[in-house]
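# Commentary on secondary and tertiary structure
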Amino acid sequence: MPQEHQEHAARIAEFRDKVLYKLTYSVGKDPEHAFTHDWFEAVALATRDYLVDDWMGNTRRMYASGTKRVYYLSLEFLIGRLLLDNLSNLGLLEVAREALAGLDVDIDQIRQLEPDAALGNGGLGRLAACFMESMATLGVAAHGYGIRYEHGLFRQAIVDGWQQEQTESWLDFGNPWEFERPEVSYLIGFGGSVSAIPGEGEPRHFWHWAEGVRAVAYDTPIAGWRGNSVNTLRLWRARAEGELHLERFNAGDHVGAVEEEARAEAISRVLYPADSTEAGQELRLRQEYFFVSASLQDLMRRHLKQHGDLDLLPQKAAIQLNDTHPAIAVAELMRILVDVHAVPWSRAWQLTVGTLAYTNHTLLPEALETWSAGLMERMLPRHMQIIYLINAEHIDSLRARDIHDFELLRAVSLIEEDQGRRVRMGNLAFLGSHSVNGVSALHTELMRKTVFSHLHALYPQRINSKTNGITFRRWLFQANPRLTALLVEQLGEELLDRPDELLVNLRADADKSALRKRFAEQRQLAKLSLCSLVQDRIGLQLDPSALFDVQVKRIHEYKRQLLNLLHTVALYQAMRDEPTTAWVPRVKILAGKAAASYQQAKLVIKLANDIARTINHDPTLRGQLKVVFLPNYNVSLAEQIIPAADLSEQISTAGMEASGTSNMKFALNGALTIGTLDGANVEMLERIGDEHMFIFGLNARQVEMRRQEGPVAGEVAISASPRLHEVLQAIRSGVFSPDDPARYTGLVDSLIWNDHFMVCADFDAYWQAQAEVEERWRDPRQWWRSALMNCAGTGWFSSDRTIREYAREIWGVLE
Ligand code: 26Q
């Protein structure tokens, strides 16, 4: 046997032995009687051992070299499953597959048993997960910090077409990837009062908090590609500090005795859904402060232990705030420096600004965080003082620069005075950071012009752009191994290490018909897999040769799933009007969750299901159109849907989607995009080429101009478009809701009176672009050429590129 084979065989034997050992001694099962889940656990634990070896080496090296560390603070990490990610990054996937086959265990079966770690809502949380993987790949010494929610994002069930939220209990069978660290814990204070003791120079402040909650660390190793380095994701769990009140328990007050415990532990009980406006505001603020304080205490302890000098903080630590959710870090870092370490205020401010950086992910006014000053004063009295002080110095410094414009001073203040006093977390994050970045070129430009226009004028160097990216390991190599194999064959093994540089070489081959054919073949296989998934999940049979037209993302008005549905109905009506025409067979695939309190979004889900039921049962269409709403969209489902998409819907109202990241995942896998000039679509267009994308509709400036004229009536567009008129008429009159004909009158009427999201305004342009899609589809040569060009043009959207930019331009790590 050649040496290579011998080594491979030895690795297989080693892996098999490790799995059997774990199964016996950690899971406590005999291979004869093990359930599939026991095998999953044993394999995960064995894999974790391999990780640990690299992890410890990495940690040791980090300490020894004293390199600058990056801390990524995020209330969300939308990770998904880790088994394949870890095996594949460690180069163990084939070894594991063969070792398990030898034990009669199918790795593809057991990997399905891993629950998704869904500690995030959508794009922002998934970006954090892609970044963790890229930082490990590039060898950036990084720590992720967040909350270990017991319940991640809710599970979506569709009952009679309506979304129902069910709790997701991802930890029920334990979590094989994490290490509980009971010895790493911090006390987090809430409430109470502040006293000041005069001394030499500035008085010292003492915060006598009333309630203490303990934060306990749970660590998950995150491996980079080829096991290059292994970083740590540290998530905090809340535990009650006090003991059980035994006297109350014994006196029969069983509930009262554990009340404190329940209140404390509620902090890490459940992920906050996006868009939740009113309810539970206080708990959300408790979550934010809890994880920020624990993380800062932890990193300060590490910094002092390693470097022993607070003045070195900006040189040795970079803290990135993922949106304003951790923005209280500005005040907390000041508190730790000034109150705990007696650093003079102005020096503390320099250190804070030098260490913190802030990423903004949205311009939507309703998503800009503000907190009532009253609530903050009650919960974090010292922080509120600090915020007032920062604000006073900030305003003073402007006056010193001879800036007295009242409007400007009002706009840049940390405190909003309009509807009761509120603290503006966006302004706090901006002032407390040396870098403020947007997530696409267009979004960054709009940040400069809108939400932060005044602060930008005062600090013109601070805002910068870092266009989002995705990790190709998960979104190409793992999600689409067949396409990956084809690309490797075409572009060489090196593609696996430098896809961001090498993918572009595919362009030269786009005219080779043999390649186009193979590209199309492998995509057909991906579509067949999706067909069987759809059959299993919702019992619908699809035509795998149809055009798969896909829109999967959170359901939100600005993302305009409604526009897609109007097109679906228009297509349906056209097909019914001309049943003998040879239409392009199409499958509309939608998936996504709506925030539980977002009624309009939930109604759109119901509409999708109503339309699906009507269309899928209409025999006159001869199966040329099908509509699928797949329940419970999550990372794992995305991995199965995206490789099978022919057309990617990225149709947000221009100016409203900060970046989007699924747009990149689809293009990478060879889908063509139909979309607006919004978010990162703009930059995709530059790199992919306008002849390979279908761009339509109003641009951000036009949207802005129309809105400035007052509410935009959809009526104008409707009366100019008989097709749109007919579509809305059908929906409004109950064609799709015969059981409740009035179900959609409100929805349609609101479009007529105020088409804020430009659904009607963009409808005709969208219809036209869809017609061009069909024309391209009818010409397979052109279609697959464009598909290849999409894949080839997407290399720049690797999160490795994004992280390199953050590392060099914001964090000052890497050359
Ligand atoms: C805020 C306050 C209270 C409760 C929840 C929230 C909250 C939670 C999550 C507000 C916003 C979010 C999530 C935002 C988000 O996912 N934004 C997306 O970020 C992506 C990564 O940059 C972009 O690609 C998307 O365009 C952007 O919508």
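Residues numbered from 1 in each chain as written. Predicted model: local features only at pLDDT ≥ 70, side-chain atom pairs only at ≥ 80, totals over all residues. Heavy atoms only, no water.

Where we set the bar: UniProt positions are given in the numbering used here, feature names are shortened, and annotations may be inferred rather than shown by experiment.
Taking an unreviewed UniProt entry as the reference, the chain is identified by name as Alpha-1,4 glucan phosphorylase belonging to Pseudomonas mangrovi. Of the chain, the UniProt comment under Subcellular location (unreviewed entry) reads exactly: "Cytoplasm".

## Re the site of the ligand
Rules: We call a residue near a given molecule or strand whenever any one of its heavy atoms falls within 4 Å of it. Polar contact is defined as a pair of N or O atoms within 3.5 Å, subject to the rule that within protein one atom must be able to donate a hydrogen and the other to accept it, and that residues adjacent in sequence are counted only when both atoms are side-chain atoms. Computed with the Shrake-Rupley method and a 1.4 Å probe, the accessible areas treat only the protein chains shown as cover for residues. Only runs of H or I of at least four residues qualify as helices and only runs of E of at least two qualify as strands under DSSP, and these elements are numbered from the N terminus. Residues are sorted three ways: Asp, Glu, Lys and Arg are charged, Ala, Val, Leu, Ile, Met, Phe, Trp, Tyr, Cys and Pro are nonpolar, and all the rest, Gly among them, are polar.
Around the ligand, 20 residues are found, and the nearest of them are Leu124, His361, Asn468, Glu657 and Gly660. The separation between an oxygen atom of the ligand and a polar main-chain atom of Ala658 is 3.3 Å. Here the ligand loses 89% of its free accessible area of 620 Å² to cover by the protein chains. Top element by residues in the shell around the ligand is helix α6 (residues 123–138). It accounts for three residues. Across the shell around the ligand, the residue classes break down as eight nonpolar, eight polar and four charged.

## Examining the UniProt feature "modified residue: N6-(pyridoxal phosphate)lysine" (unreviewed entry) in the chain
Note the cut-off: Exposed residues in this analysis have more than 50% of their type's maximum accessible area, buried residues have under 20%, and partly exposed residues fall in between, with area computed by a 1.4 Å probe over protein chains only. When checking whether two residues touch, look at their non-hydrogen atoms; a contact exists if any pair is within 4.5 Å.
The UniProt entry lists Lys665 under the feature "modified residue: N6-(pyridoxal phosphate)lysine" (unreviewed entry), expressed in the numbering used here. Topologically, Lys665 is positioned in helix α27 (residues 662–668). Residue Lys665 is classed as buried on the basis of its relative accessible area, which comes to 6%. Setting aside chain neighbours within four positions, we find Lys665 in contact with Arg126, Ile470, Trp475 and Ile642.

## Section: the layout of surface pockets
To be explicit about the condition: Cavity and pocket criteria rest on a 1 Å grid covering protein atoms alone: a 1.4 Å probe that fits but cannot get out defines a cavity, protein on both sides within 12 Å along at least 5 of 7 lines defines an open pocket, and an atom within 4 Å of a point defines a lining residue. Grid points are joined across faces, edges and corners, and a volume is the space filled by probe spheres set on the points.
Space inside the second largest pocket adds up to approximately 1,100 Å³. Broken down by class, the residue content of the lining of the second largest pocket amounts to 16 nonpolar, 11 polar and nine charged.

## A word on the sheet that holds strand β14 (residues 370–372)
Applicable threshold: Strands are treated as partners if at least two bridges between them are detected by DSSP.
On the basis of which strands lie adjacent, the open sheet formed by three strands has the order β14-β16-β15 and antiparallel pairing. Across the chains shown, the open sheet's two edge strands, defined by having one partner strand only, are β14 and β15 (415–416).

## Some details on helix α21 (residues 481–491)
Every buried residue belonging to α21 is among Leu483, Thr484, Leu486, Leu487, Val488 and Leu491, and all of these are buried. Buried residues in α21 make contact with α20 (472–478), α22 (499–502), α23 (513–538), α27 and α34 (780–792). Once α21 ends, the next one or two residues include Gly492, with phi positive near 100 degrees.

## What to know about empty space enclosed by the protein
Summed over all chains, the structure comprises five cavities of 30 Å³ or more. A volume near 200 Å³ is recorded for the largest cavity. Surrounding the largest cavity, 20 residues form its lining, Glu114, Ala117, Trp170, Asn175 and Trp177 being those nearest its centre. For the lining of the largest cavity, the secondary-structure elements that each account for two or more residues are α2 (36–65), β2 (77–80), β3 (117–119) and β11 (230–240). Of the residues contributing to the lining of the largest cavity, the split by class is 12 nonpolar, five polar and three charged. If you add up the space inside the second largest cavity, you get close to 100 Å³. Lining of the second largest cavity is provided by Phe77, Ile79, Leu82, Asp85, Arg126, Ala129, Met132, Glu133, Ile222, Leu233, Thr471 and Arg474.

## Thoughts on the pattern of salt bridges
Selection criterion: Whenever a carboxyl oxygen of Asp or Glu lies within 4 Å of a side-chain nitrogen of Lys or Arg, that contact is scored as a salt bridge.
Counting across every chain of the model gives 58 salt bridges. With its nearest N and O atoms 2.2 Å apart, the salt bridge here joins Arg498 to Glu494. Taking relative accessible area as the criterion, Arg498 reaches 28% and is therefore assigned partly exposed. On the basis of relative accessibility, which here comes to 45%, the residue Glu494 falls in the partly exposed class. One salt bridge connects Arg743 with Asp610, and the closest N-O pair in it is separated by 2.8 Å. Within this pair, whereas Arg743 is found in the loop between α31 (722–732) and α32 (745–753), its partner Asp610 is found in helix α25 (residues 599–616), the two being separated by 133 residues in sequence. Summarising the burial analysis for this pair, Arg743 and Asp610 share the class buried.

## Section: the packing of aromatic side chains
Defined as follows: Two rings from Phe, Tyr or Trp (for Trp, the six-membered ring) form a pair when their centres sit within 6.5 Å of each other. Planes less than 30 degrees apart are called stacked, planes more than 60 degrees apart edge-to-face, and all others tilted.
Taken as a whole and judged by the stated rule, the model has 20 aromatic pairs. For the pair Phe430 and Tyr459, a centre-to-centre distance of 6.2 Å together with 55 degrees between the ring planes defines the contact as tilted. Taken together, the residues span a long stretch of sequence, with Phe430 in helix α17 (residues 425–431) and Tyr459 in the loop between α19 (453–458) and β18 (463–465) at a distance of 29 residues. On the basis of relative accessibility, which here comes to 0%, the residue Phe430 falls in the buried class. Ring plane angle 55 degrees and centroid distance 6.1 Å describe the contact between Tyr572 and Phe736, whose orientation is recorded as tilted.

## Some remarks on the environment of Phe154
With respect to the secondary-structure elements, Phe154 resides in the loop between β4 (142–147) and β5 (155–159). For Phe154, a relative accessible area of 12% gives the class buried. Sequence separation between Phe154 and Val552 is 398 residues; the distance between their C-alpha atoms is 17 Å.

## Focus on the state of the cysteines
Selection rule: The definition used for a disulfide is geometric: two cysteine sulfur atoms within 2.5 Å.
One pass over the full model with this rule turns up zero disulfides. Cysteine Cys130 is unpaired, with the sulfur of Cys791 as its nearest cysteine sulfur at 17 Å. Given the relative accessible area of 2%, Cys130 is considered buried.

## Side note on the side chain of Gln561
Mapped onto the elements, Gln561 comes out in helix α24 (residues 561–577). Overall, Gln561 belongs to the buried group, its relative accessible area being 2%. Reaching out from Gln561, the side chain makes a polar contact with the backbone nitrogen of His556 at a distance of 3.4 Å. If near-sequence neighbours (up to four positions away) are discounted, Gln561 is found in contact with Gln551, Lys553, Arg554, Ile555, His556, Leu590 and Val604.

## Considerations on the packing of α23 against α34
Cut-off, in case you're wondering: Only the stretch in contact is used when fitting a helix axis, every axis being a line fitted to C-alpha atoms; angles between N-to-C directions are given from 0 to 180 degrees. For classification, angles of less than 35 degrees are called roughly parallel, those exceeding 145 degrees roughly antiparallel, those between 65 and 115 degrees roughly perpendicular, and all remaining angles oblique.
Where α23 contacts α34, the two axes come as close as 10 Å, and the packing angle between them is 80 degrees. It follows from the interaxial angle that α23 and α34 lie roughly perpendicular. Note on element contacts: α34 touches α23 through Arg781, Trp784, Arg785, Ala787, Leu788 and Cys791, opposite Leu515, Arg516, Phe519, Ala520 and Arg523. Its residues assigned to classes, the contact of α23 with α34 shows seven nonpolar, no polar and four charged.

## Overview of the pairing of strand β1 (residues 69–73)
Across the five residues of β1, five count as buried, placing the element largely inside the fold. Covered by surrounding structure in β1 are Arg69, Tyr71 and Leu73 together with Val70 and Tyr72, the residues of both alternating faces. With five bridges joining them, β1 and strand β12 (residues 317–322) adopt parallel strand pairing. Each bridged residue has a counterpart across the sheet, and for Arg69 the counterpart in β12 is Ala317. By the bridge criterion, four bridges tie β1 to β4 in an arrangement that is parallel. Looking at β4, one finds that Val70 is bridged to Ala142.

## Focus on the side chain of Arg743
In this structure Arg743 comes out as buried when scored by relative accessible area, which is 13%. Here the side chain of Arg743 touches Asp739 through a polar contact of 2.9 Å, side chain to side chain. Contacts of Arg743, omitting those with residues within four sequence positions, involve Trp162, Leu603, Lys606, Asp610 and Ser737.

## Here's the deal with the sheet that holds β11
Strand order in the open sheet formed by nine strands is β7-β10-β11-β4-β1-β12-β13-β17-β18, with mixed pairing between adjacent strands. A single partner strand is all that each edge strand has here, and the edge strands are β7 (179–190) and β18. Averaged over all pairs of adjacent strands, the angle between strand axes in this sheet comes to 25 degrees, irrespective of strand direction. Across five bridges, the pairing between β4 and β11 is parallel. Residue His143 lies in a different strand from β11, and its bridge partner there is Thr232. Sitting on the sheet, helix α35 (residues 799–811) is in contact with β1, β12, β13 (356–359), β17 (435–438) and β18, with an inclination near 120 degrees to β12.

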